[in-house]
Structures are given as structure tokens and as C-alpha cells.
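# Residue-level structure breakdown
Given next are the chains, with one letter for each unit.
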Amino acid sequence: MSSIIQLLPDHVANQIAAGEVVQRPASVVKELLENAVDAKATDIKLIIKDAGKSLVQVIDNGVGMTVTDARLCFARHATSKIRQAEDLFSLGTKGFRGEALASIAAIAHMEMKTKQDQDELGTHIVIEGSKFVSQEVAVLPKGTSFSVKNLFFNIPARRNFLKSDTVEFRHVMDEFQRVALAHPNIHFSFYHNGSELYNLPAAGYRQRIVGIMSGKTNEKLVPVNEDTEIINIQGFVCKPEFAKKNRGEQFFFVNDRFIKSGYLHHAVMAAYDGLLKDGSQPSYFLYLQVPPNTIDINIHPTKTEIKFDDEQALYAILRASIKHSLGQFNVAPVLDFERDSNLDTPYHYKDLEAETPTIQVDGTFNPFTDDKTNQHYSKAASGSGSSYSSGSSSSSFSGSSYSGYSKRVEPTVSWESLYVGLDTENTESIESSPFNFENEEVTSSLFNDDEVEQASQKTYQIHKKYIVSPIKSGMIIVDQHRAHQRILYEQFLLNMTVNQASSQQLLFPLDLFYSSSEMKLIEELKPSLETTGFVFEDAKTDHIVISGIPVNITESEVSLVIEQLLSDLQDGIPASSYSQNDTIAKSMAKSLAVKTGSYLTEKEQDNLVNGLFACKDPNISPFQKPTFITMRVEDIDKKFAL
């Protein structure tokens, strides 16, 4: 029997390896940006077109490559980052596998231009699907430029699995933000379809966070700083009142590398215990520095998972440091019953020096002069904010205002004059006349009392969760949360498709601040939101101004509705208009539906049951779950049967 095992050709092996390294355009962005950082660049430009499907270009001013290195870097497992296996436990660079460039070149049209500072000429290489098309000498600036065009051109199945441009662009934005946040000392710029999205000069951690998220982020940040033998923690956490529904603004960086760790996230949540509402997520930007030999990065090709030597100690230190920061800046409550909060000095006053108050003294004041003079000083002394100091023992102070002397004016008219001319006979008639008071309760009804038939209670609420209503064949048990979801869902969908929704104008418009990626999503949702009753007065780069809201939404619920909507649509907005309206209606119904544990009055229970059975499909909620169950009398009889 002949042998059946064969070595795969290099181009096939590269395409298989590319499936692990390159999943979407964002993967290319991540690998090229990290290579630019490893090249000690101080200025990095990212240029993409069509969310990275047509072009991903990264330009840096790093050390560049020689002619030999430029050709060799596209080979599999060729890297300048490590030399031996032991180097994996002392990594100081982003990459170390040597697979990224080879994998990208196998599935795209790639062009590289590179030049070192000491060389006069650089190298220009063109590769298409792992095949070298050309290699030329060119006049280039210092640094390296990678251009990746037509991603997955030779693997159409992978290209068909890519999402819409909106979803792919959001993933690219996430990767850019992670690298930019990890390296605030590098100048980053980001261009999409010819328009500049970010221009981030080299700055500190706080400035970089504010530059990427929004200007309103600065007032939300609480600094965290802890230095121990096994870990150094720096960064910021956000105040509990600014917690969000989604987990979009949660960043862990270990040795300047973005990671995902459910264990460390649990430590942060433990520090916020008792400070957050149910379902809320705090935002944090935490930079951890640990010895390289205490972590293992070589777990997954994306390098976002890390193994720590002593996770329990890191958990305890991280939780304690965040708790300390929240307490230090008066974010968390302090149980000190003898402390007077009015005597606390604000934190931003700690470096300010006390100012000596100015005291104005009138040396010409004499309390023993005539009355006109006394009245003059009395008026002057009673002015707002003035203070006097006199050597007279008769003078007195009250707070910061002076109480001077004034002439006592005797009443010229006696109190009996108020009753002059009042006839006693009229007085008796006034006392005996009846009075009609306005505070008497006046009730009216559209129907006569004999026409109104008192109805007995037909619905009952159980455990503030279910509503029981008797019917002819038995009874129905309604889930109040799911039933209200169905009612609101059909109302919103009707307003967006058939009717024109009514809107209530706000006396004071609402200013809501969001990150740049969230603002881009809101811009796309704006036409659909306006059909539900929202009125947008203005939209800036980092916030929106809402002047009108739907009639069934309160002002305090607006931010919750939009946050829930952004969370539900983080995987992309559906392409068709019906699917988009359907998704928005579901999200708003989920946010506004009456929650489990809410007490409902008899009238509210009746309205909920009647509204449910007035729906087109009352049997299931918008999320395909049953809204009620029916129990027949026969079924109840069987329960009691012996």
C-alpha cells in the first residue's frame, strides 16, 4: 500500500495558519500596529478604506529593515523578537511568533516600503498571495509602510463571512483604541475613507483616555495607584454614577499589552460591591506592570489571554487598591458617625494656601453723634458683605455684618384706629353669614351614581411578578414583565412603520455624552429613533442634545434606553429597514417594560391584561418566550383528586 501522508505546500500551510491569525480586517490592524510599536516608532498612522476590506495601511517612523530582513520577514516563524524558547518568559515586545506577516501575505495583496536611518535608499516589495511579484530599490523616508489590499481575495468563503462595514469598522476601532491606550507616549493618527477620526499627540494616560473616549470622561475618572513587590498598578476607574449597561469601556493592560481576564474583572466588581445598580458595569482603564517571568503569554494566537503565577495575590491587591481609591476621593461612603462632612476639605483644595480675609475699618465712626449720622452708619453697616470693627464696647457683630445704632421710631397711629368707622351691626351680620371655602373637595362624575355598577376585583398580583385573572374555563397567569414587553414592542413598531409617533418637548434639553464609536452608531440610528418620538436638536463629536422624547418615556429613562440600544446593537445594525426597526423596538421594550418585583395597582393590572390580549400576538414576548399560561378548572380539580 502506498504512503498517503504528504507535506503541504507552503502557500497552503500559510493559508491554514492565516485562519488563526487573521480573522477579519481588525486582526491585520492589530498585527501591523504592534509591529510598528516594536519598531520603536514615535509616530504611527493608520489608514483604512471600506472598514479595512479594501485597504489597511500602517505607516511608522521606526528603525526600518535592511534588504535581507525585508525579504525574510515574510517567511513563517521568522522573527527578530526572540532567539530561543527561554525568551518566551522574558518578553518585552508585542509579537514573538513570526506568523503575522506570512499569514497576511498569504491571503492579500501586500506592499511594503522600508528604510533604515543610516541607509540612503530603501526597499519596495510587492507580494500577492505569498508570491513575490517585485522587489525594487526606492527613495523612502525613515521607517516602514505596510499596505494590505483586497483581504481574502483568494479565499472567497472567508470574505463572504465578513460582516457589514459598520461591524468591521467597529472592530478596527476597538483594536486601534487598545493599542493607542497602551502607548500614550506615541503619536497616533487614524484615517477612514479620507477623513481623520483621531489625531492623538503623545501625552499622559489621562490625556490619552480623554482624547479617545470623550472630553466628558475627565470628570468621571478616579485615579488608582498602588506599588507592591509583585505588581505595580496605575490607571483610572470611573465613578459609580457613570456606570453603563455594556462593558465597552473596560481595559486591562499587562506590561503595555491589552488582555481579557474574567478573574481580574471580578476583582474590580468586588471593589464596587454595593455601589452599582443591578446590571451596571463600571468603566476602568488599569495598567498593570508585573515581572515578565511571572506571566505566560503564549496561550492563544491573539495574545489577549495571560496566565499569572499568583492570581490570588493579584486579585486581592487589585480589589484593595480600587477600594482605597474610591474611599480616598469620597466616592464610596465612609462609616464614621462622629465625622462632620461639612468640615471636610475638598480634594482639589489640598494644595491651595489660605487667604487672609480683608477687614475694612471706618475710623471716623462715632456712636455718640447725632441721629442722622447714626442712621447713615446703620444703613452702611447693614449692607451685603460689609464688616466693621470699632473700639466701642457698644458695637456688636453678627456673622460678617455689623449691627449699628438706629433711631427708634415711635408709632404715630394707635391700633384702635384700624377699627374706626366699623359698625357693630355690620359686624354681627358678617359673623352670621355663611362662608364658602375653596379647599372643600368638589367631585364630579360623567355618569349618575345609579348607572355605575361596582365591579369586583378581577385580577390579583402574586409575588409582584405574576398577574392572575379568572376566565370562564379557569384562570390565566400572566408574566407582567414579558406581557408589558409585548405591548410596548407592538406600540413602538406601529409608530415606526404606520403611525407618526407623538413627542413631548423638554423644557431643558438633555446633553448625553458618548464615545466616538457610540456617536457613529447613534448617527446611523437617528432616523429610526426620530420615528419613535425622539427629537434631536444637535449632534456634536462627543455628545447629542435631545429636545423631545416619546410620550411613554420619562426624562430619567432616556439615557438608559439609549445605552441599552447601543448594547444590543454592538454587533451591528441590521441592513434591512424592517430588521432595524424590529431591533430598536425590541431594545426599547426591554428597557421600559415594568420590571419583576414592581407593585401594580388594580387598574394597572387590568390595563396590562387588556393591553396584552389586544396585541396581534399575545402568546409570546418579542424574545419568543411565553407571556401567560392557562389553568383550566379540570386541571385544578385533578390536583385535588385523591
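See the structure shown above.
Residues numbered from 1 in each chain as written. Predicted model: local features only at pLDDT ≥ 70, side-chain atom pairs only at ≥ 80, totals over all residues. Heavy atoms only, no water.

## Considerations on the overall build of the chain
- Helix and strand counts for the chain stand at 17 helices and 24 strands.
- Taken across its 642 residues, the chain has 40% of its residues classed as buried.
- Considering only contacts in the chain between residues 6 or more positions apart, those separated by 24 or more positions represent 66%.
- Of the roughly 37800 Å² of accessible surface on the chain, 51% is carried by carbon and sulfur atoms. (Helix = DSSP H or I, 4+ residues; strand = E, 2+ residues; numbered from the N terminus. Buried < 20%, exposed > 50% of the residue type's maximum accessible area, 1.4 Å probe, protein only. Contact = heavy atoms within 4.5 Å. Areas by Shrake-Rupley, 256 points an atom, 1.4 Å probe, with all protein chains shown as cover.)

## Thoughts on a nonpolar patch on the surface
- Taken together, Leu-121, Val-137 and Val-139 make up a surface patch of nonpolar side chains, about 330 Å² in accessible area.
- Mapped onto the elements, Val-139 comes out in the loop between strand S5 (131–138) and strand S6 (143–149). (Patch = residues over 30% accessible without salt bridge, like charges linked within 9 Å, V, L, I, M, F, W, Y side chains within 5 Å. Salt bridge = Lys/Arg side-chain N within 4 Å of Asp/Glu carboxyl O.)

## Focus: the packing of aromatic side chains
- What the rule picks out here adds up to 16 aromatic pairs.
- Centroid distance Phe-251 to Phe-253: 6.1 Å. Interplanar angle 0°. Geometry classified as stacked. Residue Phe-251 shares its accessibility class with Phe-253, and that shared class is buried.
- Taken together, the ring pairs connect Tyr-205, Phe-251, Phe-253, Phe-258, Phe-285 and Tyr-287 into an aromatic cluster.
- Here the basic side chain of Arg-71 rests over the ring of Phe-132, its NZ or CZ set 3.8 Å away from the ring centre. (Phe/Tyr/Trp six-rings, centres within 6.5 Å; stacked < 30°, edge-to-face > 60°. Lys NZ or Arg CZ within 6 Å of the ring centre and 35° of its normal.)

## Overview of the environment of Ile-233
- Along the chain, the position of Ile-233 falls in strand S10 (residues 232–238).
- Separated by 57 residues in sequence, Ile-233 and Val-290 have C-alpha atoms that sit 9.0 Å apart.
- If near-sequence neighbours (up to four positions away) are discounted, Ile-233 is found in contact with Val-224, Asn-225, Glu-226, Tyr-287, Leu-288, Ile-317, Leu-318 and Ser-321.

## Structural notes on the pattern of salt bridges
- One pass over the structure, following the stated rule, counts 10 salt bridges.
- For the salt bridge of Arg-482 with Asp-479, the shortest nitrogen-to-oxygen distance reads 3.9 Å.
- With relative accessibility at 25%, the residue Arg-482 sits in the partly exposed group.
- When its relative accessible area of 11% is taken as the criterion, Asp-479 is described as buried.
- Residues Arg-632 and Asp-635 are paired through a salt bridge, measuring 3.5 Å at the closest nitrogen-oxygen approach.

## What to know about the packing of helix H6 (residues 165–182) against helix H7 (residues 205–212)
- Following both chains from N to C, one finds H6 and H7 inclined at 160°, their axes separated by 9 Å at the closest point. Taken together, the axis directions place H6 and H7 in an arrangement best described as roughly antiparallel. Of the two possible hands of crossing, H6 and H7 adopt the one that is right-handed. Across from Gln-177, Ala-180 and Leu-181 in H6, the residues of H7 making contact are Tyr-205, Arg-208, Ile-209 and Ile-212.
- Among the residues forming the contact of H6 with H7, the class breakdown is five nonpolar, one polar and one charged. (Axes fitted to C-alpha atoms, helices over the stretch in contact; angles between N-to-C directions. Parallel < 35°, antiparallel > 145°, perpendicular 65-115°, else oblique. Left-handed = near helix turned anticlockwise from the far one by under 90°. Nonpolar A, V, L, I, M, F, W, Y, C, P; charged D, E, K, R; others polar.)

## Some remarks on the sheet that holds strand S24 (residues 628–632)
- A sheet is described by the order of its strands in space; here four strands give the open sequence S18-S19-S20-S24, paired in antiparallel fashion. A single partner strand is all that each edge strand has here, and the edge strands are strand S18 (460–462) and S24. Across this sheet, the average inter-strand angle for adjacent strands is 25°, counted without regard to direction.
- Of the pairings in the sheet, the one linking strand S20 (residues 474–479) to S24 comprises five bridges and is antiparallel in character. Bridging from a neighbouring strand, Gly-474 pairs with Arg-632 of S24.
- Seen against the sheet, helix H12 (residues 480–497) touches S18, strand S19 (466–471) and S20 and runs at an angle of roughly 75° to S20.
- Each of S20 and S24 is contacted by helix H17 (residues 633–640), which is oriented at about 65° to S24, the strand it contacts most. (Pairing = 2+ DSSP bridges.)

## A closer look at the side chain of Ser-283
- If you trace the backbone, Ser-283 turns up in the loop between helix H8 (262–271) and strand S13 (284–289).
- Polar contacts involving the side chain of Ser-283 include one to the side chain of Glu-249, which spans 3.4 Å.
- Those residues in contact with Ser-283 that sit more than four places away from it in its chain are Val-237, Cys-238, Glu-249, Gln-250 and Tyr-272. (Polar contact = N/O pair within 3.5 Å; in protein donor to acceptor, adjacent residues only side chain to side chain.)

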